[in-house]
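Here is what each chain is made of, one letter per residue.
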Amino acid sequence: MTRRPCTPSMALYLGLMTGTSLDGLDVALLDIEPHQDCIALREHIRFIDGLDLPLPDPLRTRLWRLMHEDHAHFRDLAAAEQALAELAADAIRQLLSRQRLEPKDIRAIGSHGQTIEHRPHGFSDQPCQTPYTLQLDNPSLLAELTGIPVVADFRRRDLAAGGQAAPLAPAFHSALFAQPDQWRGLLNLGGIANLTLLPPLDSQAAVIGFDTGPANCLLDAWHARHQGAAIDPQGSWAASGHVIEELLDRLLSADYFTRPLPKSTGREDFHLGWLEQHLTGSEAPVDVQATLLSLTVESIARALEHTGVSLAGLTPCGGGARNTALMAALEQRLAHASHPTGLATCASLGWNADLLEASAFAWLAARRVLERPGNLISVTGARGPRVLGGLYAR
C-alpha cells in the first residue's frame, strides 16, 4: 500500500493493536476527516502509514503467562502494562519521525490493549455469572510518554450495556467497505477468527459480525510445544500432516459452535487444555496440527453457511492471511460451500491486511473524540449505540 504524504489540514489518528496471537504490535496512522452530516465517516477515512513490529520475546512470554495463569500477581500485570506502553511509545515515535510529524499533529491514539481474559457470559459454573473483559493497558503512561491524548478501554462500555464487547471492528468495516448492491465479507484471522458480513448500502439488513472460533491460537500453541517456534507462518508443518477426521468431529462438537448470535470467544474457550481433553494420546503431533488447521477452516465455513448469506467475496486479514496452507484450504472449502464464494485480498481493497485491525482502533478513537457511537448493536447485542472508550488527555 502506498504511503500518503501528510498535510497540516489532516485530522490524524493513531491505532494500536496486539491480538490474541501475540505475533506483534501494529500501529496505523489514519486521516479521518469528519463531515457534519456523515455519522459513519466512511468517505473520509484514509490510511497514511503504519508499522507491524514483532513483540520482544520477554514481553511475549510475560503476556502468554498472564493469559494462562489462574492467579496473576499485580506486580506482573503492572510490569507487562509498562513494557507494552513503552514499546507502543517507541513505535509511535518511529512512525511520527518517518512521517515528519510532531505529537501535536495527532488528535488521539486509539489503544486496544492486550486482551488477557474475555468472558462476556462470566463463568458458567459460578453462582454469580458476572461478565467481564480485561485488556491490559496503561493509557495514562502512554499519554505521558507520547504527549498525545489516548483513547482506551473500548470494550467495557459495550459490555456495561449488555453487549458482548466484541468484535468491535465490524463497525469500522461497515464504514469503510460496504458496497451499494452486494454483500461483502471480511475475515479477521488473529488468535481467534471473526467474520464481518456487510449488507448492501441500500438494504435494510443489519451488519452481521461474530467470532467463529479459533484461528491461530491453537495452531500456534501446538506448534510451539512440538516444534519449539512460536508460529508456523506458512502452515508448512500442518500441510505435511493428515487430518484425523474423528478428532475433528470431536472438536467441532464444542458448544460454542452452535451458540446463537451474538457471540464472541477467546483463549478461555479454545486452549491446549481444551484440545487435550479430546486427544487419545496415540495421535502423531503433525496430524493434530493438520486437524487444527482443518478446525479453523471448517468452523469458519460452517459459520458462514449458517448465516445463509451469499457473498460477492470474502477478504481475509490479520496474521493468518499470510498462512499459505490455511488460505489454500479455506479457498478450497468455500468453493464447495452451499453458497460458494471466492477470496479477495485486502490489497485489492486498498488496505494492508496486517494493519486493518489497528486502523479500526484509530477510527474508534476518532469516534470517541467526536462523541459518536462506535459499536453495532446487531453485532454485540448491546441495548443501544454507545460512545466507546475513555479519553486520557496528554
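Owing to the predicted nature of the structure, the values given are computational and were not obtained by experimental measurement.

S.K.: How would you sum up the overall build of the protein? Please name residues and give values.
M.R.: Scanning the protein for helices and strands turns up 13 helices and 12 strands. Taking 2.2 N^0.38 as the reference for a compact globule, 394 residues should give roughly 21 Å; the C-alpha atoms of the protein span a radius of gyration of 20 Å, in line with that estimate. Here the C-alpha coordinates of the protein stretch approximately 60 × 50 × 45 Å along the principal axes. Residues counted as buried form 55% of the 394 residues belonging to the protein. By sequence separation, contacts in the protein at least 24 residues apart represent 70% of the contacts at least 6 residues apart. When the accessible area of the protein is evaluated, it comes to approximately 17,000 Å², of which 49% is carbon and sulfur surface. In the protein, the 32 positive side-chain charges and the 43 negative ones have mean positions that sit 6 Å from each other.

S.K.: Can you break down the sheet that holds strand 11 (residues 314–317) residue by residue, with the values?
M.R.: Taken in spatial order, the four strands make up an open sheet running 10-9-8-11, and their pairing is mixed. Across the chains shown, the open sheet's two edge strands, defined by having one partner strand only, are strand 10 (208–214) and strand 11. The mean angle between the axes of side-by-side strands here comes to 20°, regardless of whether they run parallel or antiparallel. Most of the contacts of helix 5 (residues 169–177) go to strand 9 (residues 192–198), to which it runs at about 40°, and overall it touches strand 8 (184–189), strand 9 and strand 10. Sitting on the sheet, helix 10 (residues 285–307) is in contact with strand 8, strand 9 and strand 10, with an inclination near 155° to strand 10.

S.K.: Could you give me a rundown of the sheet that holds strand 12 (residues 390–392), with the residues and numbers involved?
M.R.: The mixed open sheet is built from six strands, whose spatial order is 3-2-1-4-7-12. Edge positions in the sheet fall to strand 3 (45–53) and strand 12, since each of these pairs with one other strand and no more. Within this sheet the neighbouring strands show an average axis-to-axis angle of 20°, counted without direction. Note that strand 2 (residues 25–32) and strand 3 share eight bridges and pair antiparallel.

S.K.: I'd like a rundown of the pattern of salt bridges, residues and numbers included.
M.R.: A side chain of one charge can pair with a side chain of the opposite charge if their charged atoms are brought near each other. For the structure on display, the rule yields 12 salt bridges. Asp-31 is the salt-bridge partner of Arg-46, the closest N and O atoms lying 2.6 Å from each other. Of the two residues, Arg-46 sits in strand 3 while Asp-31 sits in strand 2, which places them 15 residues apart along the sequence. Looking at Arg-46, the relative accessible area reads 33%, which means it is partly exposed. A salt bridge links Asp-354 to Arg-322, with the shortest nitrogen-to-oxygen separation between them at 2.3 Å. In this pair, Asp-354 is assigned in the loop between helix 11 (324–335) and helix 12 (356–369) and Arg-322 in the loop between strand 11 and helix 11, connecting sequence segments 32 residues apart. Beyond isolated ion pairs, a larger network of salt bridges with shared partners links Glu-298, Arg-302, Glu-305 and Arg-333.

S.K.: Would you mind going over the confidence of the model for the protein in detail, with residue names and values included?
M.R.: Caution applies to low-pLDDT parts of the model: their predicted coordinates are not meant to be read in detail. Model confidence for the protein is summarised by a mean pLDDT of 92, while 94% of its residues fall at 70 or above. Long-range and interchain partners of residues 38–43, a stretch whose pLDDT sits below 50, account for 21 contacts in this model, where long-range means more than four residues apart.

S.K.: Describe the nonpolar core, and please don't skip the residues or the numbers.
M.R.: Residues Leu-292 and Leu-295 are the most contacted members of the largest nonpolar core, which totals 47 residues. In terms of residue count, the dominant contributor to this core is helix 10 (10 residues). Sequence-distant contacts of Leu-295, that is, excluding residues within four places in its chain, are made with Pro-214, Leu-218, Leu-248, Leu-251, Leu-252, Phe-257 and Trp-274. Ranked by size, the runner-up nonpolar core spans 36 residues in total, among them Tyr-13, Leu-186, Ala-362 and Ala-366.

S.K.: Give me the packing of aromatic side chains: which residues, what numbers.
M.R.: Tallying each qualifying case throughout the model produces nine aromatic pairs. Their ring planes at 85° and their centres at 5.9 Å tell us that Phe-172 and Trp-351 sit as a pair that is edge-to-face. Highlighted residues: Phe-172 in helix 5 and Trp-351 in the loop between helix 11 and helix 12, separated in sequence by 179 residues. Ring centres of Phe-177 and Trp-351 lie 6.5 Å apart, and the angle between their planes is 85°; this geometry places the pair in the edge-to-face category. With Phe-177 in helix 5 and Trp-351 in the loop between helix 11 and helix 12, the pair connects residues that are 174 residues apart, well separated along the chain. Accessibility classification places Phe-177 together with Trp-351 in one group, the buried group. Taken together, Phe-47, Phe-172, Phe-177, Trp-351 and Trp-363 form an aromatic cluster joined through their ring pairs. Positioned over the ring face of Tyr-256 is Lys-263, at 4.5 Å from the centre of the ring.

S.K.: Quick one: what's the story with the packing of helix 8 (residues 245–252) against helix 10, residue by residue and with numbers?
M.R.: Put simply, helix 8 and helix 10 touch, their axes get as near as 10 Å, and they point 45° apart. Accordingly, the angle class assigned to the pair helix 8 and helix 10 is oblique. As for the relative orientation of helix 8 and helix 10, their crossing is right-handed in sense. Along the contact surface, helix 8 presents Leu-247, Leu-248, Leu-251 and Leu-252, while helix 10 presents Val-288, Thr-291, Leu-292, Ser-294, Leu-295, Glu-298, Ser-299 and Arg-302. Broken down by class, the residue content of the contact of helix 8 with helix 10 amounts to seven nonpolar, three polar and two charged.

S.K.: Can you lay out the pairing of strand 8 for me, pointing to particular residues and giving the numbers?
M.R.: On any regular strand, side chains alternate: one points to one face of the sheet, the next to the other face. Within strand 8, six of the six residues are buried, leaving the element largely enclosed by the surrounding structure. Burial along strand 8 is two-sided: Arg-184, Leu-186 and Asn-188 facing one way and Gly-185, Leu-187 and Leu-189 facing the other are all buried. As paired elements, strand 8 and strand 9 share six bridges and run antiparallel to each other. Residue pairing in the sheet places Arg-184 in a bridge with Leu-198 of strand 9. Taken together, strand 8 and the strand that follows it, strand 9, pair antiparallel across an intervening segment of two residues.

Procedures and definitions
Residues numbered from 1 in each chain as written. Predicted model: local features only at pLDDT ≥ 70, side-chain atom pairs only at ≥ 80, totals over all residues. Heavy atoms only, no water. Helix = DSSP H or I, 4+ residues; strand = E, 2+ residues; numbered from the N terminus. Rg over C-alpha atoms; globule rule 2.2 N^0.38 Å. Buried < 20%, exposed > 50% of the residue type's maximum accessible area, 1.4 Å probe, protein only. Contact = heavy atoms within 4.5 Å. Areas by Shrake-Rupley, 256 points an atom, 1.4 Å probe, with all protein chains shown as cover. Lys, Arg positive; Asp, Glu negative; His and termini not counted. Charge placed at Lys NZ, Arg CZ, Asp CG, Glu CD. Pairing = 2+ DSSP bridges. Axes fitted to C-alpha atoms, helices over the stretch in contact; angles between N-to-C directions. Salt bridge = Lys/Arg side-chain N within 4 Å of Asp/Glu carboxyl O. pLDDT = per-residue confidence, 0-100. Core = buried A, V, L, I, M, F, W, Y, C linked by side-chain atoms within 4.5 Å. Phe/Tyr/Trp six-rings, centres within 6.5 Å; stacked < 30°, edge-to-face > 60°. Lys NZ or Arg CZ within 6 Å of the ring centre and 35° of its normal. Parallel < 35°, antiparallel > 145°, perpendicular 65-115°, else oblique. Left-handed = near helix turned anticlockwise from the far one by under 90°. Nonpolar A, V, L, I, M, F, W, Y, C, P; charged D, E, K, R; others polar.

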